Number of protein chains: 2
Amino acid sequence: MCAGSTLIIRESCESAGTRPSRDKMLLRAVAATRFAGTLRPGARRPPRLLRAQSSRASARPGEENIKPLDGIKVLDLTRVLAGPFASMILGDLGAEIIKVERPGYGQTGPMSQSPGYDSIASAVSGMMHITGPEDGEPVRPGVAMTDLATGLYTHGAIMAALLWRAKTGRGLHIDCNLLSSQVACLTHIAANYLNAGKEAKRWGTAHESIVPYQGFKTQDGYLIVAAGNNKQFARVCKVLNLSHLSDDPKYKTNTLRVQNRKELLQILSQRFSEKRTSEWLGKFEGTGVPCGPINNIQQVFSDAQVAHNDLIMKMEHPTAGKVVIPGPAVRFSDFKINKPTPPPLTGQHTAQVLREMLGYKDDDIEQLLKAGTVCQNKQPLILSGVAASQSQAQRRTRAQGDTPREGCQSVARHPQQGSNPRPTPQQAPAKPTAPLHKIMTVFH
Amino acid sequence: MCAGSTLIIRESCESAGTRPSRDKMLLRAVAATRFAGTLRPGARRPPRLLRAQSSRASARPGEENIKPLDGIKVLDLTRVLAGPFASMILGDLGAEIIKVERPGYGQTGPMSQSPGYDSIASAVSGMMHITGPEDGEPVRPGVAMTDLATGLYTHGAIMAALLWRAKTGRGLHIDCNLLSSQVACLTHIAANYLNAGKEAKRWGTAHESIVPYQGFKTQDGYLIVAAGNNKQFARVCKVLNLSHLSDDPKYKTNTLRVQNRKELLQILSQRFSEKRTSEWLGKFEGTGVPCGPINNIQQVFSDAQVAHNDLIMKMEHPTAGKVVIPGPAVRFSDFKINKPTPPPLTGQHTAQVLREMLGYKDDDIEQLLKAGTVCQNKQPLILSGVAASQSQAQRRTRAQGDTPREGCQSVARHPQQGSNPRPTPQQAPAKPTAPLHKIMTVFH
């Protein structure tokens, strides 16, 4: 792969503002820096943060932390959530993300509308139909899983395209959409219908054909117990001090337990409600019965395993202060996903992108800024470099300004983060000598 | 990438039977051929099918349909669902999947237990806590989204490792797990807690901070309406013949609508219940208000867009007959994900793998089969080649036998499928001249 190769990710949906207007756009050079959630209409608040990742800190040849996508530039024209989620992961893997957005979010913007597309796709794809209480109404997964699955498909597709380009020397057009992503995830639900005409239904937390295999209310929360076989069922009964149940002819096999599901669950549910979740977890420990608590978010992030897995990532934001976001899901043996940077301010890197990537001279950049063709964020930290000359020392100063040093320091304290110094601009990837072979990804 | 490079995907969980026992294993050479769902304990039935994809049909150099992972071999030691889902996608992209499984499923096997891990991870990660009716109990997404998200992360991670290997010449160890994958997908839910201490709750189909933005019961089903701004709210009111609502001071802004959510939704819900879903969809057409039906699975696969997106994929199974499964989510401009093959029978390709990939002689293979060290499926179609000599014509016959020709023909009728002939064994990827650089992926 040649350095400087460019991937383009954009949405095809006109209503989501696919193509940045030519007369006014905000450029932000970021590395997989993401917003998630929605701005509440009518409320001015900082966007909620997903995660930010700078790849530039590890792009230098000869350094240890070589990443798979070092030298790859992604031009990201998408908005929440599938596209940016893909970009974020690509950034984690070393790509440099250049994000171009139109201004003027507010109530008509993508932050208020786009999550709707997840909702709609979740409904149309059948996902909502199969999610919900057994005797209740359909619900939507609590996070935008359709968007996220699409982003996950997309990041893989883009890397497949990079591998394909390495084989063929040609660029590629990738077509991703929420509906296809969610339908492809229907797996056995789809196969059951397509092959046996079997319509799906909602099961709450339960399993259609294994009993007991579901959540139970405890004195203070919920516990999932998944007894996949008779031996495990016997162990569940023993833990519950209801050993007679596993000898009862009505519950001896799973088939019988499914047949007599209602009355068995009534007995079990009653018993589970008598103790606290932690007490039950203690009693199940070592029995080999798969079980776990239904954690709320506070409990999730208090979990030792979650911390151990580096899922709590801290960084410094230039205006919001210290921010914490979930870390990357995958760990690799020979390189680290480190040096995260926070989402940039809108227009934070406009001048830098114009100068360093597009070759504009400072005079021209100032003209564009004056004319309002582009916007540069007004943070003094950022603007300090705009009118400066291009001497090496000054460029270094600007580069330091572009990504707050506090952020790097904060991240360097993260237990499993490396501490490679940020490269100076002259170490940025060289312009490609070979023609660009673009990989274009479109979201519908 | 050298042809013949090997990826290894395995589970680290002992209880899921990570390492195939040495004294008896079943080998199946397949290309992203998948099972999904669970075998019902006590019931003998064919496993539900996900999707199968043979890459070998398009691996020949010089042919048009070059795929990104042509020449890549995946040794898949995983079971349902995250690992196989990743393998399936890698197979779609051209990889050849070699799957090794232990026999003896039944009620204690992974088909009954493994989905539990999705359940447990879904609970422990907080996913269940945020999914469910607003005033009801937590539920689990209707498909194993935690497993699937992990598979999606994994297929990307594996391709990242291939790109990294192309840069460095070194193999890599990849660490994937359900908990990290789901927690990383918590996005703004996580950020809200980590930065603002805000606990998440369940919202049914609704949006926390936009009203109306949820599912409504109609005369015959459900409709999702997502009015992201005042203009769209006014249009919703017009469609409902309730225009006075958008002028009502109580509902003029989204902030007010959120404040007066309960009484507004009561009025809207009443009105939506008066007509059928299709009538409402007709009335909303052209208004620009995002909306869609909550489809059941029959409706999903009757949807013209779903068919257009090639999401209904047909193939012939050697024992189950014609099978239909959901197609791949992503489309690429310059190569097609075609020539799917059904999940192989257990042991269908044992002899072929031993002979063609591991270099065993037929005499040795027969010894291993007799001793029960390996098993070959007893389908005459498959066994026909086991004792045959290695003349070219006979090898071709066996190759045809390994993947039923009916399957290829059936798939060739699929509108957007190509029709490349299946290569004969002598066209299989050459043994690598360079040392293997393994990429190992482990699931927890």
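Residues numbered from 1 in each chain as written. Chains lettered and ligands numbered in written order. Predicted model: local features only at pLDDT ≥ 70, side-chain atom pairs only at ≥ 80, totals over all residues. Heavy atoms only, no water.

Looking at an unreviewed UniProt entry, chain A carries the name Succinyl-CoA:glutarate-CoA transferase, with the source organism given as Scleropages formosus.

A separate point is the interface of chain B and chain A. Taken together, the 136 residues of chain B in the interface contact 135 residues of chain A. Taken over both partners, the interface formed by chain B and chain A buries close to 11500 Å², and the fraction arising from carbon and sulfur atoms is 67%. In this structure, the connection of chain B to chain A is made through four salt bridges. A:Asp175 is the partner of B:Arg331 in a salt bridge, and the nearest nitrogen-oxygen pair spans 3.7 Å. Applying the counting rule to chain B against chain A returns 26 residue pairs in polar contact (both at pLDDT 80 or more). (Contact = heavy atoms within 4.5 Å. Buried area = accessible area lost by both parts, 1.4 Å probe. Salt bridge = Lys/Arg side-chain N within 4 Å of Asp/Glu carboxyl O. Polar contact = N/O pair within 3.5 Å; in protein donor to acceptor, adjacent residues only side chain to side chain.)

We now examine the packing of aromatic side chains. In the structure shown here, the tally under the stated rule is 14 aromatic pairs over all chains. Centre to centre, the rings of A:Phe85 and B:Tyr153 are 6.5 Å apart; their planes meet at 65°, and the pair counts as edge-to-face. Linking A:Phe85 in helix 1 (residues 82-92) with B:Tyr153 in helix 3 (residues 145-168), this pair reaches from one chain into another. Take A:Phe85 and B:Tyr153: they sit in the same class, and that class is buried. Both rings, one in B:Phe216 and one in B:Phe272, keep their centres 4.4 Å apart while their planes meet at 20°; by these two values the pair is stacked. Highlighted residues: B:Phe216 in strand 8 (residues 213-217) and B:Phe272 in helix 9 (residues 261-272), separated in sequence by 56 residues. We classify B:Phe216 as buried; its relative accessible area is 2%. Through a chain of ring-to-ring contacts, the aromatic side chains of A:Phe216, A:Phe272, A:Trp280 and A:Phe284 assemble into a single cluster. It is A:Lys201 that lies over the ring of A:Trp203; its NZ or CZ is 4.1 Å from the centre. (Phe/Tyr/Trp six-rings, centres within 6.5 Å; stacked < 30°, edge-to-face > 60°. Helix = DSSP H or I, 4+ residues; strand = E, 2+ residues; numbered from the N terminus. Buried < 20%, exposed > 50% of the residue type's maximum accessible area, 1.4 Å probe, protein only. Lys NZ or Arg CZ within 6 Å of the ring centre and 35° of its normal.)

On a regular strand, one side chain projects to one face of the sheet and the next to the other, so that they alternate. Residue and element names in this part refer to chain A. Two elements, strand 11 (residues 312-317) and strand 12 (residues 321-326), share six bridges in a ladder whose sense is antiparallel. By the bridge assignment for strand 12, Met-315 is matched with Val-323. Counting the residues between successive antiparallel strands, the hairpin from strand 11 to strand 12 contains three residues. (Pairing = 2+ DSSP bridges.)

All names here are of chain A. For the pair helix 1 and helix 3 (residues 145-168), the least separation of the axes is 7 Å and the interaxial angle reads 45°. Judged by the inter-axis angle, helix 1 sits oblique to helix 3. Here helix 1 runs over helix 3; the crossing is right-handed. Contacts between helix 1 and helix 3 involve Ala-82, Phe-85, Ala-86, Ile-89 and Leu-90 on the former and, on the latter, Asp-147, Leu-148, Thr-150, Gly-151, Leu-152, Thr-154, His-155, Ile-158 and Met-159. Looking at the contact of helix 1 with helix 3 residue by residue, the classes come out as nine nonpolar, four polar and one charged. (Axes fitted to C-alpha atoms, helices over the stretch in contact; angles between N-to-C directions. Parallel < 35°, antiparallel > 145°, perpendicular 65-115°, else oblique. Left-handed = near helix turned anticlockwise from the far one by under 90°. Nonpolar A, V, L, I, M, F, W, Y, C, P; charged D, E, K, R; others polar.)

Next up on the list: the sheet that holds strand 9 (residues 222-226) of chain B. Residue and element names in this part refer to chain B. Pairing within the open sheet is antiparallel, and its three strands lie in the order 8-9-10. One side of each edge strand has no neighbouring strand; the edge strands of this open sheet are strand 8 and strand 10 (291-293). With direction set aside, neighbouring strand axes in the sheet form an average angle of 20°. Strand direction decides the pairing type here: strand 9 and strand 10, joined by three bridges, are antiparallel. Paired with Ile-224 across the bridge in strand 10 is Gly-292. The sheet contacts of helix 10 (residues 277-284) involve strand 9 and strand 10, and relative to strand 9 the element is tilted by about 25°.

Below, the discussion takes up the relation of the copies chain B and chain A. Put simply, the second copy of the chain is the first one after a rotation about an axis and a shift along it. In the superposition of chain B on chain A (RMSD 0.1 Å, axial shift 0.0 Å), the rotation amounts to 180°. As the rotation angle and translation indicate, the two copies are arranged about a two-fold axis. It is B:Gly156 whose C-alpha, among those of chain B, lies nearest the rotation axis, at 2.1 Å. Comparing interface residues between copies, 99% of those in chain B also sit at the interface in chain A, which points to an isologous, same-surface contact. (Least-squares fit on C-alpha atoms with pLDDT ≥ 70 in both.)

All names here are of chain A. For Val-211, the position within the fold is in the loop between helix 5 (187-196) and strand 8 (213-217). Residue Val-211 is classed as buried on the basis of its relative accessible area, which comes to 0%. C-alpha separation for the pair Val-211 and Asn-260, spaced 49 residues apart in sequence, amounts to 9.2 Å. Among residues more than four places away in sequence, those in contact with Val-211 are Ala-227, Asn-254, Arg-257, Val-258, Arg-261, Leu-264 and Leu-265.

The next point concerns the pattern of salt bridges. Residues and elements named next belong to chain B. In total, this model carries 18 salt bridges over all chains according to the counting rule given. Residues Lys-250 and Glu-263 are paired through a salt bridge, measuring 2.9 Å at the closest nitrogen-oxygen approach. With Lys-250 in the loop between helix 7 (244-247) and helix 8 (254-259) and Glu-263 in helix 9, the pair connects residues that are 13 residues apart, well separated along the chain.

What follows is about the state of the cysteines. All names here are of chain B. Enumeration according to the criterion identifies zero disulfides over all chains in this entry. Here Cys-176 stays unpaired: no disulfide links it, and the sulfur of Cys-185, its closest cysteine neighbor, is 12 Å away. Cysteine Cys-237 is unpaired, with the sulfur of Cys-291 as its nearest cysteine sulfur at 14 Å. Given the relative accessible area of 0%, Cys-237 is considered buried. (Disulfide = S-S within 2.5 Å.)

Our focus in this paragraph is the environment of B:Ile98. Note that B:Ile98 resides in strand 6 (residues 96-101). Here the alpha-carbon distance between B:Ile98 and B:Leu77, two residues 21 residues apart in the chain, equals 8.5 Å.

The next point concerns the sheet that holds strand 8 of chain A. All names here are of chain A. Strands sit in the order 8-9-10 across an open sheet of three strands; the sheet is antiparallel. Strands with a single pairing partner mark the edges of an open sheet, and in this sheet they are strand 8 and strand 10 (291-293). Strand-to-strand, the axes of this sheet are offset by a mean angle of 20°, without reference to chain direction.

So, on to the nonpolar core. Counting 123 residues, the largest nonpolar core has A:Phe301, A:Phe332, B:Phe301 and B:Phe332 as the members making the most contacts within it. Excluding its chain neighbours within four sequence positions, the residues that come into contact with A:Phe301 are A:Val306, A:Leu311, A:Ile312, B:Val183, B:Leu186, B:Ala190, B:Tyr193 and B:Leu194. (Core = buried A, V, L, I, M, F, W, Y, C linked by side-chain atoms within 4.5 Å.)

The relative placement of two packed helices is expressed as an angle between their axes plus a distance between the axes. At a minimum axis distance of 9 Å, the contact between helix 3 of chain A and helix 3 of chain B shows a crossing angle of 20°. By the criterion of interaxial angle, the relationship of helix 3 of chain A to helix 3 of chain B is roughly parallel. Crossing angle aside, the handedness with which helix 3 of chain A passes helix 3 of chain B is left-handed. Contacts from A:Met145, A:Ala149, A:Leu152, A:Tyr153, A:His155, A:Gly156, A:Ala157, A:Met159, A:Ala160, A:Leu162 and A:Leu163 in helix 3 of chain A reach B:Met145, B:Ala149, B:Leu152, B:Tyr153, B:His155, B:Gly156, B:Ala157, B:Met159, B:Ala160, B:Leu162 and B:Leu163 in helix 3 of chain B.

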